[in-house]
Amino acid sequence: GQGSLRQNLRHRHLSTNTLRMSGGAPNKRLLFLCGDYMEDYEVMVPFQALKSYGIDCDTVCPGKKAGESCRTAIHDFEGDQTYSEKRGHNFVLNSDFDGVSHDKYDGVVIPGGRAPEYLALNEKVVSLVKDFASSNKLIASICHGQQILTAADIIKGKKCTAYPAVGPQCKAAGADFVEANPIDLAVTDGNLVTAAAWPGHPEFVSQIVSQLKISVTGASGKKVLVLCGDYMEDYEVMVPFQALVSYGFTVHAVCPGKKSGEVCRTAVHDFEGDQTYSEKPGHNFALNADFDQVKAEEYDGLVIPGGRAPEYLALNDKVIKLVQAFASSKKPIASICHGQQILAAAGVLGGKKCTAYPAVGPACKLAGAEWVEANPIDLAVTDGHLVTAAAWPGHPEFIK
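Residues numbered from 1 in each chain as written. Predicted model: local features only at pLDDT ≥ 70, side-chain atom pairs only at ≥ 80, totals over all residues. Heavy atoms only, no water.

Draft legend 1. Structural view of the packing of aromatic side chains. The full count for this structure, using the stated rule, is 10 aromatic pairs. Summarising the aromatic geometry, the rings of Phe-32 and Phe-47 are spaced 5.8 Å apart at their centres and angled 85 degrees between planes, so their arrangement reads as edge-to-face. Note that Phe-32 is positioned in strand β2 (residues 29-33) and Phe-47 in helix α1 (residues 40-52), a separation of 15 residues in sequence. Just as Phe-32 is buried, Phe-47 falls in that class too. Taking the centre distance of 5.7 Å and the plane angle of 75 degrees together, the rings of Tyr-83 and Tyr-163 count as edge-to-face. Residue Tyr-83 is found in the loop between β5 (69-76) and β6 (84-92), and its partner Tyr-163 is found in the loop between β9 (159-160) and α5 (167-172); the two are separated by 80 residues along the sequence. Of the residues examined, Tyr-83 reaches a relative accessible area of 24% and is grouped as partly exposed. Taken together, the ring pairs in this structure connect Phe-32, Phe-47 and Phe-91 into an aromatic cluster. Here the basic side chain of Lys-223 rests over the ring of Tyr-299, its NZ or CZ set 4.8 Å away from the ring centre. (Phe/Tyr/Trp six-rings, centres within 6.5 Å; stacked < 30°, edge-to-face > 60°. Helix = DSSP H or I, 4+ residues; strand = E, 2+ residues; numbered from the N terminus. Buried < 20%, exposed > 50% of the residue type's maximum accessible area, 1.4 Å probe, protein only. Lys NZ or Arg CZ within 6 Å of the ring centre and 35° of its normal.)

Draft legend 2. Up close: the pattern of salt bridges. Under the definition given, this model contains 11 salt bridges. A salt bridge links Asp-56 to Arg-29, with the shortest nitrogen-to-oxygen separation between them at 3.5 Å. Separated by 27 residues along the polypeptide, Asp-56 in strand β4 (residues 56-60) and Arg-29 in strand β2 bring together distant segments of the chain. Given the relative accessible area of 29%, Arg-29 is considered partly exposed. Of the charged contacts, one joins Glu-272 and Lys-280 as a salt bridge, the two residues approaching to 3.1 Å between their closest N and O atoms. Note on Glu-272: relative accessible area 35%, which makes it partly exposed. Each member of the salt-bridge network shares a partner with another, and the members are Arg-29, Asp-56 and Asp-58. (Salt bridge = Lys/Arg side-chain N within 4 Å of Asp/Glu carboxyl O.)

Draft legend 3. Here's a closer look at the packing of α1 against helix α6 (residues 201-211). Between α1 and α6, whose axes approach to 10 Å, the crossing angle comes to 45 degrees. The pairing of α1 with α6 is recorded here as oblique in orientation. Classified by chirality, the crossing of α6 by α1 is right-handed. The segment α1 lies against α6, with Tyr-41, Glu-42, Val-45, Pro-46, Ala-49 and Leu-50 engaging His-201, Phe-204, Val-205, Ile-208 and Val-209. Here the contact of α1 with α6 is composed, by residue class, of 9 nonpolar, 1 polar and 1 charged. (Axes fitted to C-alpha atoms, helices over the stretch in contact; angles between N-to-C directions. Parallel < 35°, antiparallel > 145°, perpendicular 65-115°, else oblique. Left-handed = near helix turned anticlockwise from the far one by under 90°. Contact = heavy atoms within 4.5 Å. Nonpolar A, V, L, I, M, F, W, Y, C, P; charged D, E, K, R; others polar.)

Draft legend 4. The arrangement of the confidence of the model for the chain in detail. Per-chain confidence: the chain averages 94 in pLDDT, with 94% of residues scoring 70 or above. Across residues 1-17, where pLDDT falls below 50, the model places 48 contacts with residues more than four positions away in sequence or in other chains. (pLDDT = per-residue confidence, 0-100.)

Draft legend 5. Layout of the side chain of His-283. Position of His-283 relative to the elements: it lies in strand β18 (residues 278-286). A relative accessible area of 0% means that His-283 is categorised as buried. A distance of 2.8 Å separates a polar atom in the side chain of His-283 from a polar atom in the side chain of Glu-39. A distance of 2.7 Å separates the side chain of His-283 from the side chain of Asp-234, its partner in a polar contact. Setting aside chain neighbours within four positions, we find His-283 in contact with Glu-39, Asp-40, Tyr-41, Ile-74, His-75, Asp-76, Trp-198, Asp-234, Cys-264, Arg-265 and Thr-266. (Polar contact = N/O pair within 3.5 Å; in protein donor to acceptor, adjacent residues only side chain to side chain.)

Draft legend 6. Seen up close, helix α7 (residues 234-247). When the terminal C-alpha atoms of α7 are compared, their 20 Å separation across 14 residues agrees well with the 20 Å that a helix rising 1.5 Å per residue should span. N-cap assignment for α7: the residue whose side-chain oxygen lies 2.7 Å from the backbone N of Tyr-235 is Glu-233. Gly-248 sits one or two positions beyond α7 and adopts a positive phi of about 115 degrees. (Expected span 1.5 Å × (residues − 1).)

Structure follows, in structure tokens:
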């Protein structure tokens, strides 16, 4: 997964003028089949990454309407014989399941987690997936999502991968099963795109985009650095990380005091009826480069996730000097939510239009920023080489 991304590629300057997208993205629409306790990453990363390509994405769940939410599950390996599960974010649906028809969409995306095992028992879900298959439209499914594909009897003779525990079911359904080795594997066979688990999102998203005849050029050879820390927000590190890799960037994730292969704990920040956001434990995010070996001149851009990590990273002199080096070279710096605490400490906001999570606004103003209120919360703002966003709902615009 992340470890395979370390490459020594030629340094070139990243800018929005060198990234080119071709194809019919503005006319493409995908349907996400959601359910309670789908895997948190496996719905949000593809959803927001694909939206960053300009693809419209509708999210539905049987028995629920637009504006309602699905609970999600965080599946991770933490030393046990199988994955652990923790409560994830609440994923808000944007469309009604009732009345959904395959003919309004270019394809369907099926996240994994525990939702597919009960969605596969729903006749309307199975019929809908069969309709996509008979129309030869894109079907993209990840991890345990393939349980729905087997129920719909659409993978016979098809090359298909899945989370290993779903392999026997896929084989029994007649699939030409491709073992999930490595776990970040994704496979395309005709209109079918399957992946084994969330580490494979970059390839999964890339293959979906390819199926929709969208191509991106200009990212190859460019390196982006992600500045991580313990209890950074879970979405705010993984969504940009995997989305940018899907575009073709080489992305290195580092943390002061940690080395490649070590992990940072993450935090799930969400609104659940309290006066401020709640916090729950997130995934463990694996670093793929060493902070001590980082040189700003070897990278084309910097990404700073939010969460609670920035408040202590802002006290680290090496972090401050690194951010200042990117700023003085006028290389892109993209910071989200509480990440702007680091920008304020580094003194790089003076005279710059900037947004952030509202509670960080006073710090940005004191640092001389031209403050842009975070209304709506999915706002993202660009001023020269600086890109800022208010919170993770703004990822699609932030990544663009």
